[in-house]
Structures are given as structure tokens and as C-alpha cells.
Amino acid sequence: MKKLESREDIELLVNSFYQKVVQDETIGFFFKDIIKVDWDKHLPKMYSFWETILFGQMSYKGNPMAVHFPINELKAMEKKHFEQWLALWKKTIEENFVGENADMAIYKSENIAKLMAYKMEMARKL
């Protein structure tokens, strides 16, 4: 196991994570059927997002929350979906990395999942 310490490590993490996601019965359909993700565009954004979150590189430009609201309108993104996203993310980290940044990636993802689940639920009630 190695430390999570470079953009290349983030790329490995993100790629490994999304391999799990697209095969997952609980959340895979969002990516394959609902939004039909263009992986050539999505993956580099996710590399930059996590590089910004973990290393402070400020390479990510965008609003991740805003991107999810239109998806939530097409198909409700529920707490169970974010819990599964989080479980797959944690599993991917634990399979590949150790150390402070790996722990931080889990901690940050827990906060992201909770906030996203709450915001998507509130948006559905409006």
C-alpha cells in the first residue's frame, strides 16, 4: 500500500472508483442511463476536484453541487445513493492507499456525501 500523494495517485483512485461505480446496482444507472457520462470529460474534472480538495492545487473550476441538481430533477438522488457512493469510495481508498491524505479523502468524502444528500432532499421538497 502506498501513500496518496500525487495527481497520478488521484487518477488511479478516481479511475478505480468509477470502475466500481458503473458496475454498481445502486448508483451505476445514474452514470450509464440517466446522464450518460462522457468519461473523457468527467474523469479529468474529478482528478482536478480531488487534487484541489486534498492538495490545495486549485485546479478544479466549477460548482459540484449545482451540477447535481438537474440530475436530482430527473431521478431522485437519495440518501441511500450517497451512502453507496461513499462506501465504494472508502473501499477504493482502503484497497489502494494509506496515510494522512487517504484518511483526509475519506473524511472529506463523508462530509460531501452528507451535504449532497441533504441538499438534494431539500431541493425535492421545494
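Please read all numbers here as calculations on a predicted model, not as lab measurements. (Residues numbered from 1 in each chain as written. Predicted model: local features only at pLDDT ≥ 70, side-chain atom pairs only at ≥ 80, totals over all residues. Heavy atoms only, no water.)

1. Brief notes about the UniProt feature "binding site: heme" (unreviewed entry) in the protein chain
Under the UniProt annotation, the feature "binding site: heme" (unreviewed entry) is placed at His68. Tracing the sequence through the fold places histidine 68 in helix 4 (residues 64-74). Here histidine 68 is in contact with Met77, Met116 and Met120, once residues within four sequence places are set aside. Within the local environment of histidine 68, its side chain forms a polar contact with the backbone oxygen of proline 64, the two atoms lying 2.6 Å apart. (UniProt positions renumbered as here; feature names shortened; annotations may be inferred. Helix = DSSP H or I, 4+ residues; strand = E, 2+ residues; numbered from the N terminus. Contact = heavy atoms within 4.5 Å. Polar contact = N/O pair within 3.5 Å; in protein donor to acceptor, adjacent residues only side chain to side chain.)

2. So, the pattern of salt bridges
Considering all chains together, one arrives at nine salt bridges under this definition. Note that lysine 79 is salt-bridged to glutamate 83, the shortest N-O span being 3.9 Å. Here the residue lysine 79 and the residue glutamate 83 both occupy positions in helix 5 (residues 79-96), the gap between them amounting to four residues, near one helical turn. The class for glutamate 83 is partly exposed, based on a relative accessible area of 43%. The salt bridge partner of glutamate 121 is lysine 125, with a shortest N-O separation of 3.2 Å. Highlighted residues: glutamate 121 and lysine 125, both in helix 6 (residues 100-125), separated by four residues, approximately one helical turn. (Salt bridge = Lys/Arg side-chain N within 4 Å of Asp/Glu carboxyl O. Buried < 20%, exposed > 50% of the residue type's maximum accessible area, 1.4 Å probe, protein only.)

3. Overview of unusual backbone geometry
Phi angles above zero are rare outside glycine, and lysine 36 is one such case at about 45 degrees. Tracing the chain through its elements places lysine 36 in the loop between helix 2 (28-34) and helix 3 (39-55). Positive phi values are uncommon outside glycine, yet methionine 58 reaches one of about 55 degrees. By the element assignment, methionine 58 lies in the loop between helix 3 and helix 4.

4. Regarding the packing of aromatic side chains
Applying the stated criterion across every chain yields a total of eleven aromatic pairs. Judged by centre distance (6.1 Å) and plane angle (90 degrees), the rings of phenylalanine 17 and tryptophan 85 are edge-to-face. You can see phenylalanine 17 sitting in helix 1 (residues 7-23) and its partner tryptophan 85 sitting in helix 5, a full 68 residues away along the chain. Taking the relative accessible area as the measure of exposure, tryptophan 85 reaches 15% and is therefore buried. Grouping aromatic residues by their ring pairs yields a cluster made of Phe17, Tyr18, Phe31, Trp39, Phe49, Trp50, Tyr60, Trp85 and Trp89. (Phe/Tyr/Trp six-rings, centres within 6.5 Å; stacked < 30°, edge-to-face > 60°.)

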